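# Chain and residue survey
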Amino acid sequence: MTAVRELKLTPIQNGTVIDHIGNGLALEVLRILGIERIQQSSTVSIAIHVPSQKIGWKDIIKVENMELSARKLNAIALVAPTATISIIREQRVREKRPVALPDRIDGVLHCPNPGCITNQREPVESEFEVVRRKPIVLRCAYCGRLVDDFLAQLA
Ligand SMILES: [Zn+2]
C-alpha cells in the first residue's frame, strides 16, 4: 500500500476551495476566476500536481473571501469537469459539491463563428446548449456551431 501524501494548504476562514481540478488546469481556472478582480486582502493558494486517489494528480485552488457566481461555476465545469467546490464559512465546510454542467450555458463563451449574431455589434449574449457530456460538446443556440474547445472561447 502506498500512502497518499495529503497536502495541507493554509486553512481559510471564509472563501472557496476548488479541489480535484484536473492536473495542470489550475492556471486556467485562475483565469476564469479573474485574478485581477480578487480583492487584495484575499489570499489565493494554488497547489499544482498534488497526488489524488480519485483522479491521479490534481490541482487545488483556495481563494479567501470569494464565492463563485453561477457563470464562473459553469465556466469551471467546462474547463475542469472533475472539480469540486467547497464553500468555507468560519473555517467550516458549509457546502461541498462537484461542479455541474447545466443544459444551457449563457454568456460564458464566445461563439467561434465570426458571422454569428452574438459576435456582431448587436448586444446579443451568447447561448449554448449542451449536446454531449462526455466529452463535452456545445452548440450555439443562434448559429448552430459546435464547440468542444473551451479555453480559447472563454468570454
Ligand atoms: Zn454562434
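Conventions and cut-offs
Residues numbered from 1 in each chain as written. Predicted model: local features only at pLDDT ≥ 70, side-chain atom pairs only at ≥ 80, totals over all residues. Heavy atoms only, no water. Helix = DSSP H or I, 4+ residues; strand = E, 2+ residues; numbered from the N terminus. Buried < 20%, exposed > 50% of the residue type's maximum accessible area, 1.4 Å probe, protein only. Contact = heavy atoms within 4.5 Å. Areas by Shrake-Rupley, 256 points an atom, 1.4 Å probe, with all protein chains shown as cover. Lys, Arg positive; Asp, Glu negative; His and termini not counted. Charge placed at Lys NZ, Arg CZ, Asp CG, Glu CD. Salt bridge = Lys/Arg side-chain N within 4 Å of Asp/Glu carboxyl O. Donors = N, O, S within 2.8 Å, 3.2 Å for Na, K, Ca; no water. Tetrahedral: all angles 85-135°; square planar, octahedral: opposite > 155°, others 65-115°. Core = buried A, V, L, I, M, F, W, Y, C linked by side-chain atoms within 4.5 Å. Pairing = 2+ DSSP bridges.

## Looking at the overall build of the chain
A tally of regular secondary structure across the chain gives two helices and nine strands. Secondary structure of the chain in N-to-C order comes out as β-α-β-β-α-β-β-β-β-β-β. C-alpha extents for the chain along the principal axes are approximately 50 × 40 × 25 Å. The 155 residues of the chain split such that 43% are buried. Of all intrachain contacts in the chain linking residues separated by at least 6 positions in sequence, the fraction that spans at least 24 positions is 60%. By element, 49% of the accessible surface of the chain is carried by carbon and sulfur atoms, the whole surface being about 9,300 Å². Considering the chain, the positive charge centre built from 21 side chains and the negative charge centre built from 17 side chains are found 4 Å apart.

## A word on the pattern of salt bridges
Applying the stated rule across the entire model yields ten salt bridges. Measuring nitrogen to oxygen at the nearest pair gives 2.6 Å for the salt bridge that ties Arg97 to Glu95. Accessibility expressed as a relative area gives 31% for Arg97, which makes it partly exposed. Among the ionic contacts, a cluster of salt bridges with common partners joins Arg104, Asp106 and Glu127.

## Some remarks on the coordination of the zinc ion
Distances from the zinc ion to its protein donors, Cys111 (SG), Cys116 (SG), Cys140 (SG) and Cys143 (SG), fall within 2.3 to 2.4 Å. The site at the zinc ion holds four donor atoms, and with the angles between them running 99 to 114 degrees, its shape is tetrahedral. Read from N- to C-terminus, the donor residues coordinating the zinc ion fall into the pattern C-x4-C-x23-C-x2-C. Pair noted here: Cys116 is in the loop between β6 (104–106) and β7 (127–133) and Cys143 is in the loop between β8 (136–140) and β9 (146–147), with a separation of 27 residues, a long-range link.

## Re the nonpolar core
Ile18, Leu33, Ile61, Ile76, Leu78 and Leu138 are the most contacted members of the largest nonpolar core, which has 37 residues in total. Among the elements of the structure, β1 (15–22), α1 (26–33), β3 (56–64), α2 (70–79), β4 (84–89), β7 and β8 are those that each provide at least two residues to this core. Per-element tally for this core: the top contributor is α2, with six residues. With residues up to four places along the chain from it excluded, the contact list for Ile61 reads Thr16, Val17, Ile18, Ile21, Ala26, Val29, Leu30, Leu33, Val44, Ser45 and Ile46. Formed by six residues, the second largest nonpolar core is a distinct cluster that contains Ile12, Val17, Ala47 and Ile88.

## Quick look at α2
Across the ten residues that make up α2, a large majority, eight, are buried. Buried within α2 we find Lys72, Leu73, Asn74, Ala75, Ile76, Ala77, Leu78 and Val79. Those residues of α2 hidden inside the fold are in contact with β1, α1, β4, β5 (92–98), β6 and β8.

## Examining the sheet that holds β6
If you trace the four strands from one edge of the open sheet to the other, you get β6-β7-β8-β9, paired in antiparallel fashion. At either margin of the open sheet sits one strand with a lone partner, and together these are β6 and β9. Pairing between β7 and β8: five bridges, direction antiparallel. Bridge pairing in β8 links Glu129 to Arg139.

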